[in-house]
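# Examination of the molecular architecture
Listed below are the residues making up each chain.
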Amino acid sequence: MLFFSFFRTLVDRNVQVTVELKNDLCITGTLQSADQFLNLKLANVSVNDPDRYPHLLSVKNCFIRGSVVRYVHLPQHEVDTESLQDSCRREAKQVK
């Protein structure tokens with residue numbers, strides 16, 4: 001639930017993210033929503049390799065199922081790594 005909470009804070013700020021899928025497709029867009037399965041909804045979508053995926057140039061909004069996501073690239077200034085590490089440590093202690 002930690003990362004779900006983290007992504008929810010990014011939704012409120014309309015952060016521009018790049019999502020890399022397992023099929024090597026990279027999509028950049030504004031994060032509109034995220035759920036507990038880390039399904040993502042992006043607006044103002046652009047494809048990072050338009051020569052390889054020309055059929056996706058007209059897509060402006062998309063829903064990405066969490067199970068097909070390889071990486072989510074976030075802007076460095078939007079991530080407070082210290083508080084995220086502290087939260088991970090606290091959650092790990094609770095599990096033990």
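Every value quoted in this text rests on a predicted model; they were computed, and no experiment measured them.

### Description of the state of the cysteines
Enumeration over the complete set of coordinates arrives at 0 disulfides. No disulfide involves cysteine 62; its sulfur sits 12 Å from that of cysteine 26, the nearest cysteine. Residue classification places cysteine 62 among the buried residues on the basis of a relative accessible area of 17%.

### Some details on the UniProt feature "domain: Sm" (unreviewed entry) in the protein
UniProt's feature table lists "domain: Sm" (unreviewed entry) at residues 5-74, given in the numbering used throughout. In residues 5-74, the share of helix is 11% and the share of strand is 46%. The end C-alpha atoms are 15 Å apart.

### Considering unusual backbone geometry
Both trends apply: most residues other than glycine have a negative phi, and most peptide bonds are in trans. Unlike most non-glycine residues, asparagine 14 shows phi in positive territory, near 50°. By the secondary structure assignment, asparagine 14 is in the loop between helix H1 (2-12) and strand E1 (16-21). With a relative accessible area of 48%, asparagine 14 lands in the partly exposed category. Positive phi, normally seen in glycine, also occurs at asparagine 44, with a value near 55°. If you trace the backbone, asparagine 44 turns up in strand E3 (residues 40-47).

### Here we look at the pattern of salt bridges
For the coordinates displayed, the defined rule picks out 4 salt bridges. Notably, a salt bridge pairs aspartate 24 with arginine 70, separated by 2.8 Å at the nearest N-O pair. Note that aspartate 24 is positioned in the loop between E1 and strand E2 (26-34) and arginine 70 in strand E5 (residues 69-73), a separation of 46 residues in sequence. For aspartate 86, the salt bridge is made with arginine 89, and the minimal N-O distance between the two is 3.1 Å. Of the two residues, aspartate 86 and arginine 89 are both situated in helix H2 (residues 81-95); the distance of 3 residues between them amounts to about one turn of the helix. For arginine 89, a relative accessible area of 48% translates into the label partly exposed. Linked by salt bridges that have partners in common, Glu20, Asp24 and Arg70 make up one network.

Thresholds, definitions, all that
- Residues numbered from 1 in each chain as written.
- Predicted model: local features only at pLDDT ≥ 70, side-chain atom pairs only at ≥ 80, totals over all residues.
- Heavy atoms only, no water.
- Disulfide = S-S within 2.5 Å.
- Buried < 20%, exposed > 50% of the residue type's maximum accessible area, 1.4 Å probe, protein only.
- UniProt positions renumbered as here; feature names shortened; annotations may be inferred.
- Helix = DSSP H or I, 4+ residues; strand = E, 2+ residues; numbered from the N terminus.
- Salt bridge = Lys/Arg side-chain N within 4 Å of Asp/Glu carboxyl O.

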